[in-house]
Amino acid sequence: MVKPNIIKTSENPQQTIEVEVCDEYGEKLVKQIACERPLTVMLNWKEVVTLMTIGSRPESLVLGYLKNQSFLTDPEQLESVIIDWETHTAAVITKENTEQVESALKKKTVTSGCGQGTMYGNVMKQLENYQVPQIQLKQSAIYSSLEALTHYNDTYKKAGAVHGCAVCRGDEVLSFVEDVGRHNAVDTLAGEMWIKGETGEDKIFYTTGRLTSEMVIKVAQMGIPVLLSRSGVTQMGLDLAKLFGITTIARAKGLRFQVFTGADKIEFDVKGDMKG
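An unreviewed UniProt entry lists the protein under the name Sulfur carrier protein FdhD, with Vibrio nereis given as the organism.

Spelled out as structure tokens, the structure:
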């Protein structure tokens, strides 16, 4: 068994944190959310990609990524793996410079899979001090949007294996798209809005996928103030939603949802009628 020298500058970071949320009735709860952080992978000090990760086994993650992307083919090549959470980097050092690195970098494709990001640093610089438009939202409007969305998801209902995203205005679904990756779906909607010259200040963005940092960034770029998800939210997604002023509603299904940011901008107008 090949065992490269694993060097860690600190312990692996925590996997979850507790946050306070409001439920669909405006009552406060304490919930656990997953942490998320960037980890830039370097091979012989050449940057390959930035992965968004929970960070539980970073050395295995980067080696598996490099192996699956054909940057590395022989475990005997490995000399050391240096994990530095202060700089959020993982450097893989081989015994000899691998000739396939340069050619592989030129052919690199960002797949539709989840959790692989290359956008974080550049886009965050562009969005420095940015805030989305601020709007008030009624609880009843959230329910109207969720009800309207039940008539979509055709591909998922037939075959599964896809994510759905939508741009809504009240109970009107302006555009809905499904794709094998939630990032593809949100990019499709962003492209439609861009081509049509539409702005996002009066819209709600819905996704079946979890709210990671990349998803929040993409919605901020669209100028949409409300983000609604059937799934959960990560720690970095939550931090960015607060930074951009996005009202973030997750775990939304049926009459249930949890407000992670922007509860002060929601009027809980039907809680007495529906509770119980």
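Additional details are given in the paragraphs that follow.
### Focus: the overall build of the protein
Along its length, the protein carries 9 helices and 16 strands. Of all 276 residues assigned to the protein, the portion counted as buried reaches 50%. As presented, the protein carries roughly 14,000 Å² of accessible surface, and 48% of it is formed by carbon and sulfur atoms.

### Focus: the packing of aromatic side chains
All told, the structure shown has 3 aromatic pairs when counted by the stated rule. The cationic tip of R37 hangs over the ring face of W85; the distance from NZ or CZ to the ring centre is 5.9 Å.

### A word on the layout of surface pockets
Here the largest pocket is characterised by a volume of approximately 240 Å³. L146, L149, T150, Y206 and G254 are the residues nearest the centre of the largest pocket, which is lined by 13 residues in total. The biggest single contributor to the lining of the largest pocket is helix α4 (residues 139-149), with 4 residues. Looking at the lining of the largest pocket residue by residue, the class counts come to 6 nonpolar, 3 polar and 4 charged.

### Here's the deal with helix α6 (residues 182-196)
Along an α-helix, a turn takes 3.6 residues, which lines up residues three or four apart on a common side. In this model, α6 (15 residues) spans 21 Å end to end at C-alpha, consistent with the 21 Å of a helix rising 1.5 Å per residue. R182, H183, A185, V186, L189 and M193 are the residues of α6 that are buried. Considered in projection along α6, the buried side chains sweep an arc of 165 degrees and stay on one side of the axis. In α6, the exposed positions that point more than 90 degrees away from the buried face belong to W194 and I195. Structurally, α6 contributes buried residues whose contacts are with β10 (163-169), β11 (172-179), β12 (204-207) and α7 (213-221). Of the residues trailing α6, G197 is marked for its positive phi of about 75 degrees.

Reading guide: rules and limits
- Residues numbered from 1 in each chain as written.
- Predicted model: local features only at pLDDT ≥ 70, side-chain atom pairs only at ≥ 80, totals over all residues.
- Heavy atoms only, no water.
- Helix = DSSP H or I, 4+ residues; strand = E, 2+ residues; numbered from the N terminus.
- Buried < 20%, exposed > 50% of the residue type's maximum accessible area, 1.4 Å probe, protein only.
- Areas by Shrake-Rupley, 256 points an atom, 1.4 Å probe, with all protein chains shown as cover.
- Phe/Tyr/Trp six-rings, centres within 6.5 Å; stacked < 30°, edge-to-face > 60°.
- Lys NZ or Arg CZ within 6 Å of the ring centre and 35° of its normal.
- 1 Å grid on protein atoms, 1.4 Å probe; cavity = no way out; pocket = protein on both sides within 12 Å on 5 of 7 lines; lining within 4 Å.
- Points joined across faces, edges and corners; volume = space filled by probe spheres on them.
- Nonpolar A, V, L, I, M, F, W, Y, C, P; charged D, E, K, R; others polar.
- Expected span 1.5 Å × (residues − 1).
- Arc of directions from axis to C-beta.
- Contact = heavy atoms within 4.5 Å.

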